[in-house]
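Structural features, examined
What follows is the residue order along each chain.
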Amino acid sequence: MTRLSAIEALDPVPDNLALPWLEQRLADVEPDVRAAAVSALGRREAPRALVLLLSVQNDASEELSIRVAAASAALRTNPNTK
């Protein structure tokens, strides 16, 4: 199973098990894996997911497209914007 497939397979996994693994994928060497992790975090409602998305959004060393995806996902995840 590839890392991308594993990220998709985590959707039904509880936050306490999935979030640590997704957090590690945010540091993956492959941009596609980092982008998939951002997308997966955007489907979570856990406060920790929002914190992780905001950290990616504010990471000046991250690729712009991934930072924009994180910002968009953070808006969808943030309970204050619903």
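The following paragraphs examine the structure supplied in this document. Computed from a predicted structure; not experimentally measured. (Residues numbered from 1 in each chain as written. Predicted model: local features only at pLDDT ≥ 70, side-chain atom pairs only at ≥ 80, totals over all residues. Heavy atoms only, no water.)

1. Observations regarding the packing of helix α3 (residues 31–42) against helix α4 (residues 47–57)
How we decide: Inter-axis angles, ranging from 0 to 180 degrees, are taken between N-to-C directions of lines fitted to C-alpha atoms, where helices are fitted over the stretch in contact. The numbering of helices and of strands both runs from the N terminus, where a helix is a DSSP run of H or I of at least 4 residues and a strand a run of E of at least 2. The hand of a helix crossing depends on one turn: near helix anticlockwise from the far one by less than a right angle means left-handed, and clockwise means right-handed. The contact criterion used is simple: two residues touch if any of their non-hydrogen atoms lie within 4.5 Å. For this classification, the nonpolar set comprises Ala, Val, Leu, Ile, Met, Phe, Trp, Tyr, Cys and Pro, the charged set comprises Asp, Glu, Lys and Arg, and every other residue, Gly included, is treated as polar.
Put simply, α3 and α4 touch, their axes get as near as 9 Å, and they point 140° apart. Here α3 runs over α4; the crossing is left-handed. Along its contact with α3, which presents V38, L41 and G42, the element α4 presents A49, L52, L53 and V56. Here the contact of α3 with α4 is built from residues that sort into 6 nonpolar, 1 polar and no charged.

2. What about α3?
The test is simple: Working rule for helices: expected span equals 1.5 Å times residues minus one. Exposed residues in this analysis have more than 50% of their type's maximum accessible area, buried residues have under 20%, and partly exposed residues fall in between, with area computed by a 1.4 Å probe over protein chains only.
Given a rise of 1.5 Å per residue, 12 residues ought to cover 16 Å, and the 17 Å separating the end C-alpha atoms of α3 matches this to within 8%. For α3, the set of buried residues is V33, R34, A36, A37, V38, A40, L41 and G42. Close packing links the buried residues of α3 with α1 (3–9), α2 (15–25), α4 and α5 (64–77).

3. Considering the packing of α3 against α5
Note the cut-off: Here roughly perpendicular refers to angles of 65 to 115 degrees, roughly parallel to angles under 35, roughly antiparallel to angles over 145, and oblique to all remaining angles.
Closest axis-to-axis distance for the α3/α5 pair is 8 Å, and the angle between their directions is 10°. Compared by their axis directions, α3 and α5 come out roughly parallel. Counted together, P31, R34, A35, V38, L41 and G42 of α3 and I66, A69, A70, A73 and T77 of α5 form the full contact between these two elements. Among the residues forming the contact of α3 with α5, the class breakdown is 8 nonpolar, 2 polar and 1 charged.

4. As for the environment of I66
Considering the arrangement of structural elements, one finds I66 in helix α5. Once the C-alpha coordinates of I66 and R48 are considered, the two residues, 18 residues apart in sequence, prove to be 18 Å apart. Apart from residues no more than four positions distant in its own chain, I66 is found in contact with P31, R34, A35, V38 and V56.

5. Brief notes about the environment of A27
Within the secondary structure, A27 is located in the loop between α2 and α3. For the pair A27 and V68, spaced 41 residues apart in sequence, the C-alpha to C-alpha distance is 16 Å.

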